[in-house]
Amino acid sequence: INAEWPLRLGDNDKTKVDLVNLITGKEGLVADDTSFNGLKDQEDTLVLLVDGVRFLMYRSLLLAHPETMLGRMFDENNSRLVRPNEKGEYRIENVSWDIFKIILGFYRIRELAVPYDANMNDIKEACDYFLIPFNIQTIVSENLSSLMHELSNDGAKKKFECFLQSDIVPKMAETAMKGERECHIVCLKDEDVVDWDEEYPPSVGEDQLTIIKSSEINRFLKYIENRGIAKAVLQEKGLKKIRIGIEGFPTHKEKVKVKQHGKIQVTYFYVQRPFIVMSWEKEELRSRHVDFANVSTFQLVQVYFCMSLENQVILLCKRESRDLVLEIANTK
């Protein structure tokens, strides 16, 4: 079929558009003012107004997919909730007409033919909005890179939420039970062996460090895109001061050196492993130290002269034993 499907007509579209096999299946039918109005009057046809563009669509095609938003929208049980405008058109919000045109392909052939240069993230958001599955069965595109990227993002979010509940939250709870309000987690591989010298441990803040041994989490967090998604998930959960990256972690002693005066220097072997730092402190601004010695130098102010100029005040003042200075302040 060479013509666009579904039929798209503008407000003042006088051009005759071939409707072969699109609306009635009858060859030779053309869309002029009379035929278009006639089609609108048919019980099974709908006019959908999207981003200023009108689409002519079969109601039965939408109702064939009751699990989608459009299928539910035009169900008879929801007829009281969905009302057309004075022209008998149904307005669809939160989507552009070019994306909506792709979405409607699902109701015709159960596939979304996505152009190579289309924004796959916009397609993904539209599928989520219209409750259409976003997978390789429904999405057809030559741009496999963009398609796989969006599928990976979707899978990474679900995967990290599983890691969060099964591995990360229990470690956070252990830290919180100690009275701490932030957590530093290092994700090691299953085969990593940590052998620290009890007398000469590495200076990595082991009192505040939490270790998770999971090769699966380690492999997941090696991708920078996955670390970005993990950070977004933690932010959605209300956590703050989140840092996710890769850093060196000491696993075992590499060499021991005796320096002058019998001082012992222990060198550790480091491996690069992912880490997660996060905080759940509510009043972090009030917990900061205040240097009252610096604050007190600005407390005693003697004003010798005051002058108002438009919206500003000019002050000739003296702070404690300092020289007289001019200051300009807003009247507020």
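Parameters and conventions
Residues numbered from 1 in each chain as written. Predicted model: local features only at pLDDT ≥ 70, side-chain atom pairs only at ≥ 80, totals over all residues. Heavy atoms only, no water. Helix = DSSP H or I, 4+ residues; strand = E, 2+ residues; numbered from the N terminus. Buried < 20%, exposed > 50% of the residue type's maximum accessible area, 1.4 Å probe, protein only. Contact = heavy atoms within 4.5 Å. Areas by Shrake-Rupley, 256 points an atom, 1.4 Å probe, with all protein chains shown as cover. Axes fitted to C-alpha atoms, helices over the stretch in contact; angles between N-to-C directions. Parallel < 35°, antiparallel > 145°, perpendicular 65-115°, else oblique. Left-handed = near helix turned anticlockwise from the far one by under 90°. Nonpolar A, V, L, I, M, F, W, Y, C, P; charged D, E, K, R; others polar. Pairing = 2+ DSSP bridges. Patch = residues over 30% accessible without salt bridge, like charges linked within 9 Å, V, L, I, M, F, W, Y side chains within 5 Å. Salt bridge = Lys/Arg side-chain N within 4 Å of Asp/Glu carboxyl O. Lys, Arg positive; Asp, Glu negative; His and termini not counted. Charge placed at Lys NZ, Arg CZ, Asp CG, Glu CD. Expected span 1.5 Å × (residues − 1). Bend = angle between axes of the 7 residues up to and from the residue.

(A) Molecular detail of the overall build of the chain. Each helix and strand counted, the chain has nine helices and 13 strands in total. Of all 332 residues assigned to the chain, the portion counted as buried reaches 34%. Expressed as a percentage of contacts within the chain between residues at least 6 apart in sequence, the contacts between residues at least 24 apart total 56%. A total of about 21500 Å² of accessible surface is found on the chain, and carbon and sulfur atoms cover 49% of it.

(B) Focus on unusual backbone geometry. Positive phi is not limited to glycine here, since arginine 110 has a value of about 60 degrees. Relative to the elements of secondary structure, arginine 110 occurs in the loop between helix H4 (97–109) and strand S5 (112–113). Taking the relative accessible area as the measure of exposure, arginine 110 reaches 55% and is therefore exposed. Within the chain, lysine 241 stands out as a residue other than glycine whose phi angle is a positive 50 degrees. Structurally, the position occupied by lysine 241 is in strand S9 (residues 240–258). Lysine 241 gets classed as partly exposed once you look at its relative accessible area, which sits at 43%.

(C) Structural detail: the packing of helix H6 (residues 144–177) against helix H8 (residues 224–236). It is the contact of H6 with H8, at a shortest axis distance of 9 Å, that shows an interaxial angle of 55 degrees. As summarised for this structure, H6 and H8 are arranged oblique, according to the angle between their axes. Crossing of H6 over H8 shows right-handed handedness. Each of His149, Asn153, Ala156, Lys157, Phe160, Glu161 and Leu164 in H6 lies in contact with H8, whose residues at this interface are Glu225, Asn226, Ile229, Ala230, Val233, Leu234 and Glu236. Counted by class, the contact of H6 with H8 contains seven nonpolar, three polar and four charged residues.

(D) Region of interest: the pairing of strand S7 (residues 182–188). Of all seven residues that make up S7, five are buried, and the element is covered over most of its length. With five bridges connecting them, S7 and strand S10 (residues 264–279) associate as antiparallel partners. When the bridges of S10 are listed, valine 186 appears paired with phenylalanine 275.

(E) A positive patch on the surface, seen in detail. The grouping of Lys255, Lys257, Lys259 and Lys263 at the surface amounts to a positive patch. For lysine 257, the location among the structural elements is in strand S9.

(F) Seen up close, H6. With 34 residues, H6 should reach 50 Å at 1.5 Å per residue; the first-to-last C-alpha distance of 47 Å fits that figure. Taking the largest bend as the criterion, H6 deviates by roughly 50 degrees, centred on leucine 164. Every buried residue belonging to H6 is among Leu147, Glu150, Ala156, Phe160, Phe163, Leu164, Ile168, Met172 and Thr175, and all of these are buried. Glycine 179 sits one or two positions beyond H6 and adopts a positive phi of about 90 degrees.

It is worth stressing that arrangement in space is one thing and function is another; only the former is reported here.
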